[in-house]
Amino acid sequence: MFRIAKNLVKTLEQSVQDTLALSSSTSEIDAFFHSIPPALLLPQMQEQSGYSPEDAGSASVRSNVNESLSGLRIVFVHETQLQLQSYFDFIVGINDEPVPVIINQHGYSYPDYNRIVELLNEKCNNYVKLNIWSGKGGNYRDEYVSVQYKDESQLEDVSLAAVEDNQAANKKFQSLGFKVQWSPLIAATFVYHILNINLPNGPAEQAGLIPDEDYIIGCQDGLLATGGETLLQDIVKSRANHELILYVYNKIHDCVRPITVNIGGDGRLGCNVGYGFLHRIPTVAPSHTTGTATTATTTAPPPAIEPPAIEPPAQLSEEAFTPQVALPTAGKKRTKTKHTTGLVDTDYFNEGKDTAPPSSTNSKADVPPPQQASRHNNKHTHAHLQYICIHIFIYII
């Protein structure tokens, strides 16, 4: 009986190895990037390490390609550009064309910003089509951004740093309302999924981490910039008897919040985390409410640039200025709360899962789940995420 079981195990192991070998020979890039049109990635793949389609089966070449595929990562979004999401969105193309890049003498690629400025100058008083890839589920979509002529009567901040080829002087358009940074696409997968709380009243539970819903996407000083399965564990151990600021994404409320964890002397976080392909941030469930521009794929540009007409209500009561936040109650599901910020409505996203509070005895009953904050009230979080993205650029590039 033992011999039969041993042979069965060997047969299963060989079957798994054959399956992995077959998949590696037929796929040249990570499945997370398959939603991006090949025409937008092929130029980068060809320029990096002399890549050619015949080399798709090579594991070393495939690894280099996955690490070198890059895009313009959104690191800051003004409240007037709510169709873009900082930290998660990458611009991988402009007007269905790849982002123009330049290869330096060391073999590293970086965007041709002068060419990008020329493309935007050509679209002044019109719309430019941005091809966006999102780290939430690896989805691809198109967004149209208005490009307006620069108002010469208004003063503009000018950097004291030297700008190559007088790039700032050639810019004819106003600020687009967001900031970008050249970053590898694979950096969007450096997340740690909170699986369960294994230390009652430990640092994770006291900080309010929610099992299954929360993902650690960043850390103070950019310490999680390089990724790695054991990196979070090593950082937590090194911060024993100290505080550690973590940036946590919640998939139910589709929001990011900073939390401060007080690490004890044993250097334990008090929760189990998952890392890798099965623990990447999932796709946000689309909202059926009209007016949300973050999940819909735009196939045609808007007809014209006209400021929307906003009519105030006839009577304004005190309740109109009081924010209404729905907190979950025991035994009931969380209710969707609709927030209005400026000209765009944003909703809580739900993936069809029963979001009733867990009945685990390890979770604290007095810690409410995170609430989705508006872009205006979350400026500090955006500033911290922008600081993290700068460290991502420093550590990886």
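Structure: above.
Residues numbered from 1 in each chain as written. Predicted model: local features only at pLDDT ≥ 70, side-chain atom pairs only at ≥ 80, totals over all residues. Heavy atoms only, no water.

When helices and strands are tallied, the protein chain shows 7 helices and 15 strands. Across the 397 residues that make up the protein chain, the buried fraction comes to 40%. (Helix = DSSP H or I, 4+ residues; strand = E, 2+ residues; numbered from the N terminus. Buried < 20%, exposed > 50% of the residue type's maximum accessible area, 1.4 Å probe, protein only.)

This part takes up the environment of V117. In this fold, V117 is placed in helix α4 (residues 113–122). Note on V117: relative accessible area 8%, which makes it buried. In the structure, V117 is positioned 53 residues away from N170 in sequence and 7.7 Å away in space, judged by C-alpha atoms.

Let us now look at the sheet that holds strand β11 (residues 243–250). The strand order β12-β11-β10-β9-β13 describes an open sheet built from 5 strands, whose pairing is antiparallel. In this open sheet, the two edge strands, each paired with only one partner strand, are β12 (255–262) and β13 (271–274). If you compare each strand with its neighbour and ignore which way they point, the axes differ by 40° on average. Pairing of strand β9 (residues 192–197) with β13 involves 4 bridges; the strand directions are antiparallel. Its bridge partner being in β13, H193 is matched across the sheet by G274. (Pairing = 2+ DSSP bridges. Axes fitted to C-alpha atoms, helices over the stretch in contact; angles between N-to-C directions.)

To continue, consider the pattern of salt bridges. Enumeration according to the criterion identifies 9 salt bridges in this entry. Ionic pairing is found between E118 and R115, a salt bridge with its closest N-O pair at 3.1 Å. Of this pair, E118 and R115 both sit in helix α4, 3 residues apart, which is roughly one turn of that helix. Judged by its relative accessible area of 41%, E118 falls in the partly exposed class. One connected set of salt bridges, linked through shared partners, spans D89, R141 and E143. (Salt bridge = Lys/Arg side-chain N within 4 Å of Asp/Glu carboxyl O.)

Side chains that are nonpolar tend, in soluble globular proteins, to be buried together. Ranked by size, the top nonpolar core spans 22 residues in total, and within it I91, L130 and F178 carry the most contacts. Elements that contribute at least two residues to this core include exactly β1 (70–77), β2 (89–94), α4, β6 (126–134), β7 (140–147) and β8 (178–184). Here the element with the most residues in this core is α4; it accounts for 4 residues. Grouped together as the second largest cluster of nonpolar side chains are 21 residues, I197, C219, V236 and C271 included. (Core = buried A, V, L, I, M, F, W, Y, C linked by side-chain atoms within 4.5 Å.)

Within helix α6 (residues 231–238) the residues assigned to the buried category are L231, L232, I235 and V236. Down the axis of α6, the buried side of the element spans an arc of 130°, and every buried residue falls inside it. In the core, the buried residues of α6 are packed alongside β9, β10 (214–219), β11 and β13. (Arc of directions from axis to C-beta. Contact = heavy atoms within 4.5 Å.)

Those residues of α4 that fall on the buried side of the exposure criterion are I116, V117, L119, L120 and N121. Elements that come into contact with the buried residues of α4 comprise β1, β2, β5 (109–111), β6 and β7.

Here a ring pair, both rings aromatic, is described through the centre-centre distance and the interplanar angle of the planes. Using the criterion set out here, one finds 7 aromatic pairs in the structure. Ring centres of F33 and W133 lie 5.4 Å apart, and the angle between their planes is 70°; on these two criteria the pair is classed as edge-to-face. Linking F33 in the loop between α1 (2–26) and α2 (38–47) with W133 in strand β6, this pair joins segments that are 100 residues apart in sequence. For F33, a relative accessible area of 0% translates into the label buried. (Phe/Tyr/Trp six-rings, centres within 6.5 Å; stacked < 30°, edge-to-face > 60°.)

Attention shifts here to unusual backbone geometry. Its identity is not glycine, yet Y87 carries a phi of approximately 75°, on the positive side. Checked against the element boundaries, Y87 lands in the loop between β1 and β2. With a relative accessible area of 5%, Y87 lands in the buried category. Although it is not a glycine, N241 sits at a positive phi angle of roughly 65°. For N241, the location among the structural elements is in the loop between α6 and β11. For N241, a relative accessible area of 59% puts it in the exposed group.

Counting buried residues along β8, 5 of its 7 residues qualify, which places the element largely inside the surrounding structure. Sheet topology places β1 next to β8; 7 bridges connect them, and they run antiparallel. By the bridge assignment for β8, F76 is matched with K179.

Positionally, N250 belongs in strand β11. Given a relative accessible area of 0%, N250 falls into the buried group. At a separation of 2.9 Å, a polar atom in the side chain of N250 contacts the main-chain amide nitrogen of H253. (Polar contact = N/O pair within 3.5 Å; in protein donor to acceptor, adjacent residues only side chain to side chain.)

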